[in-house]
Amino acid sequence: MAYTFQVTIDSASPHPLADWWAEALGWEVEPTDEEFIRKMVAEGQAREEDTTTHRGALVWKAGAAIRHPEGIERAPRVLFQFVPEPKTVKNRVHLDVRTGSDNPHEVVERLIAKGARHLHDSSQGPYTWTTLADPEGNELCVSH
């Protein structure tokens, strides 16, 4: 049997980081269900301190997710989960962002303008890519 998966990224600020990645990839932040959150708190299945507000909406403090505009059938969901400890070492897993027909140099410049940090440019044979760090230091590579 084959399994499905989601990619989970630890984050000190999951909601702003989900916004950043959604914009970086042209994806969508999954909508929040404030009524469901309030119901869970009212029933005692969650606590007020399990929630926060982001961009004026009530959300779960534990995390936020993004998905491809065509749904999770097109690409795995990416979850940004809250962790209190900071990132301390190089990622062992990272996302490779393939720009398709878009100019990868323009994509890199756009991401840097939005808070990414340039780490280095690399090549191997005919392949070239740029390694960046997102606003929390998670590595990503941008290529064709």
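Cut-offs and rules
Residues numbered from 1 in each chain as written. Predicted model: local features only at pLDDT ≥ 70, side-chain atom pairs only at ≥ 80, totals over all residues. Heavy atoms only, no water. Pairing = 2+ DSSP bridges. Helix = DSSP H or I, 4+ residues; strand = E, 2+ residues; numbered from the N terminus. Axes fitted to C-alpha atoms, helices over the stretch in contact; angles between N-to-C directions. Buried < 20%, exposed > 50% of the residue type's maximum accessible area, 1.4 Å probe, protein only. Contact = heavy atoms within 4.5 Å. Arc of directions from axis to C-beta. Polar contact = N/O pair within 3.5 Å; in protein donor to acceptor, adjacent residues only side chain to side chain. Phe/Tyr/Trp six-rings, centres within 6.5 Å; stacked < 30°, edge-to-face > 60°.

K.L.:
Would you mind going over the sheet that holds strand E7 (residues 95–98) with me for this structure?
P.N.:
The four strands lie next to each other as E7-E10-E9-E8, forming an open sheet whose pairing is mixed. The open sheet terminates on both sides in strands that have one partner only, identified here as E7 and strand E8 (117–124). Pairs of neighbouring strands in the sheet enclose a mean axial angle of 25°, with direction left out of account.

K.L.:
What exactly am I supposed to notice about the environment of His15 here?
P.N.:
Counting through the fold element by element, His15 comes out in helix H1 (residues 14–25). Since its relative accessible area comes to 10%, His15 is described here as buried. With sequence-adjacent residues up to four places away left out, His15 is seen in contact with His54, Val59, Trp60, Gly63 and Ala64.

K.L.:
Sorry, what's going on with the sheet that holds strand E6 (residues 78–82) here?
P.N.:
Strand-to-strand pairing in sheets goes through backbone hydrogen bonds, with the strands running parallel or antiparallel. Strand order in this open sheet of four strands is E1-E6-E5-E2, and the pairing throughout is mixed. Among the strands making up the open sheet, the edge pair consists of strand E1 (7–11) and strand E2 (28–29). Sheet topology note: the strand E5 (residues 63–67)/E6 ladder contains four bridges and is antiparallel. Across the sheet, Gly63 pairs through a bridge with Gln81, a residue of E6. Across the sheet, H1 is in contact with E1, E2, E5 and E6; its angle to E5 comes to roughly 10°.

K.L.:
In this structure, what is going on with helix H3 (residues 104–113)? I would like to understand it.
P.N.:
When H3 is considered as a whole, its buried residues turn out to be Pro104, Val107, Val108 and Leu111. Looking straight down H3, one finds that the buried residues subtend no more than 100° of arc, so they occupy a single side. Exposed positions of H3 whose direction lies more than 90 degrees from the buried face are His105, Glu106, Glu109 and Ala113. Where H3 is buried, its residues contact H1, strand E9 (127–133) and strand E10 (139–143). The distance from a side-chain oxygen at the start of H3 to the backbone nitrogen of His105 is 2.7 Å, and the residue carrying that oxygen is Asn103. Taken from the residues just after H3, Gly115 is the one with a positive phi, measuring 120°.

K.L.:
Whenever I open this one, the packing of aromatic side chains confuses me. Can you help?
P.N.:
Each aromatic ring pair is summarised here by two numbers: the centre-to-centre distance and the angle between the ring planes. Enumeration according to the criterion identifies one aromatic pair in this entry. Taking 5.4 Å as the distance between ring centres and 80° as the angle between the ring planes, the aromatic pair formed by Trp20 and Trp21 counts as edge-to-face. Across the pair, Trp21 and Trp20 agree in class, each one buried.

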